[in-house]
Amino acid sequence: MSSITPTGLREAGAAGEGGKAPRQPGRVSLGGVSLNLRSSGIYIAFALIIVLFSVLTDGALLQPQNISNIIVQNSYVLILAIGMILIIIAGHIDLSVGSVVAVTGALAAVLMVNMGWPWPLALLATLVAGALIGAWQGYWIAYFGIPAFIVTLAGMLLFRALTLTVLGNQGIGPFPDQVRTLANGFTDGYLGNIGLGPLGGADLFSLLIGIVAIAGMVAAQWRTRSARKGYGQAVEPMALFVLKMAAGAAIILFLVVQLARFKNLPWVLVLLAILVLGYSLMANRTVFGRQIYAIGGNLQAAIMSGVKVKSVVFWIFVNMGVLSAIAGIIFAGRLNQAGPTAGNSFELDAIAAAFIGGAAVQGGVGKVVGAITGGLIMAVINNGMSLIGSPSERVMLVKGAVLLAAVAFDVWTKRRAGAAGR
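Here the structure is a predicted model, which means the values were calculated and not measured.

Asks: Teacher, can you tell me more about helix α5 (residues 119-143) here?
Replies: Turn by turn, an α-helix covers 3.6 residues, leaving residues three or four places apart pointing in a common direction. Between the first and last C-alpha of α5 there are 35 Å, a value that for 25 residues agrees with the 36 Å anticipated at 1.5 Å per step. Immediately beyond the C-terminal end of α5, within one or two residues, lies G145, with a positive phi of roughly 85 degrees.

What follows is the structure, encoded as structure tokens:
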């Protein structure tokens, strides 16, 4: 069996970066500028949804407090989406994450509230428990060969039953201040406020963080573009690259300014930023990340290339267990108690975020940033329709239509690519 290198993995998992053929599906030309709708369409759709609801809500959607609420209220789903996108890229699914959120939140509550453990030790034990849950499910999937759908469906029932056994019909709380701060709190104004004219004052430290984030984004994208040119791959025209960077910088700066005008950066946003950056680097820059794409893109080719498929699958489910535990702590801390109904339908929201964010049904395609964008689309739809007073059934109708449209677009682009190749 041949050995595998990062370059070989890049080729084996090329679907994750937009396809392995020179002619990519879903690509259109506008005014001489070539755009890949498969990778860019989600961001265009997100922008249009924001504009639509901004108009419908008379600007209430983009008010500082509302933006902060959207982030804090949906943080746990975004955390789950990070792990779910990796599992879907590898060609699997996890239906148990909502129940794991519930049982890990219950465990944290029992340790901190009932047993009086110090909160750092209790959080560490909860994360270890999440890892063990992921290892339990990963073993049956990777090494015993049971389909992930069946294993995690069983897990959804098992861990919900365990939650009810621990909690009964009542919640456990309140949580220590430090845990509630992580879930609901905001960074302090370390450097004071700075005047922004008609916008009023804003936290200077938050603004500096935003500027650093913009610089990091530009540097990372420039490095990626240069690396692709070095490999002889096609890159977008410089004018389009500059336009994309300017648009991204404007969005980040607007978001940070609005948050800095309210109560500064939510701590959970800081946590999310760290997770998104870390997992994006892992998925795109490490051998393990390329192995995930290779397994989902072409399992047999990955095996022939020397990828230890069972080990990779096992560890992505361990990772999902840890992220579910983090989401469980955040959710329980936000409510200030662990409840028996925590995590209901979270698995559906996380799966929807991954598919709306560009994951392919067959696996092998997807990005962490795309999953976060998909989760934010669902969050904006929820929030925007709530602001305009839409009933819950209409919200579910719109979210279902968006999910169906995203998957239909993925299938359509694959069919176009197949027709072009014949």
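Asks: Honestly, empty space enclosed by the protein in this entry has me stumped. Any pointers?
Replies: In this approach a probe as big as a water molecule rolls over the atoms, and the regions it shows empty are the leftover space. Under the criterion given, the structure shown has one cavity of 30 Å³ or more. What the largest cavity holds in volume is close to 40 Å³. Lining the largest cavity, in full, are V101, A102, G105, A106, G328, F331, A332, Q337, A338, G339 and A342. For the lining of the largest cavity, the secondary-structure elements that each account for two or more residues are α4 (97-114) and α13 (309-335). Element by element, the count of residues in the lining of the largest cavity is highest for α4, at four residues. Broken down by class, the residue content of the lining of the largest cavity amounts to seven nonpolar, four polar and no charged.

Asks: Which parts of the structure should I look at to understand helix α10 (residues 267-285)?
Replies: Helix length check: α10, at 19 residues, gives a terminal C-alpha distance of 27 Å against a target of 27 Å (1.5 Å per residue), a fit within 8%. Where α10 is buried, its residues contact α3 (64-89), α7 (177-184), α11 (287-297), α13 and α15 (368-387).

Asks: Got a minute to help me understand the nonpolar core in this structure?
Replies: Here is a general trend for soluble globular proteins: nonpolar side chains tend to be buried in one another's company. Of all hydrophobic cores here, the largest spans 68 residues; its most connected members are I79, L80, I82, I85, Y279, I292 and L323. Apart from residues lying up to four places away in sequence, I79 is in contact with L271, L272, L275, L323, I326, A327 and I330. The next biggest cluster of nonpolar side chains, apart from the first, holds 16 residues, and it includes F53, A352, M378 and V380.

Asks: Please explain the packing of α10 against α11 as it appears in this structure.
Replies: What describes two packed helices is the angle between their axes and the distance between those same axes. The interhelical angle for the contact between α10 and α11, taken along N-to-C directions, is 70 degrees, at an axis separation of 5 Å. For the element pair α10 / α11, the angle class is roughly perpendicular. Along its contact with α10, which presents M282, A283, N284 and R285, the element α11 presents V287, F288, G289, R290, I292 and Y293. Classifying every residue of the contact of α10 with α11 by side-chain character gives six nonpolar, two polar and two charged.

Criteria and thresholds
Residues numbered from 1 in each chain as written. Predicted model: local features only at pLDDT ≥ 70, side-chain atom pairs only at ≥ 80, totals over all residues. Heavy atoms only, no water. Helix = DSSP H or I, 4+ residues; strand = E, 2+ residues; numbered from the N terminus. Expected span 1.5 Å × (residues − 1). 1 Å grid on protein atoms, 1.4 Å probe; cavity = no way out; pocket = protein on both sides within 12 Å on 5 of 7 lines; lining within 4 Å. Points joined across faces, edges and corners; volume = space filled by probe spheres on them. Nonpolar A, V, L, I, M, F, W, Y, C, P; charged D, E, K, R; others polar. Contact = heavy atoms within 4.5 Å. Core = buried A, V, L, I, M, F, W, Y, C linked by side-chain atoms within 4.5 Å. Buried < 20%, exposed > 50% of the residue type's maximum accessible area, 1.4 Å probe, protein only. Axes fitted to C-alpha atoms, helices over the stretch in contact; angles between N-to-C directions. Parallel < 35°, antiparallel > 145°, perpendicular 65-115°, else oblique.

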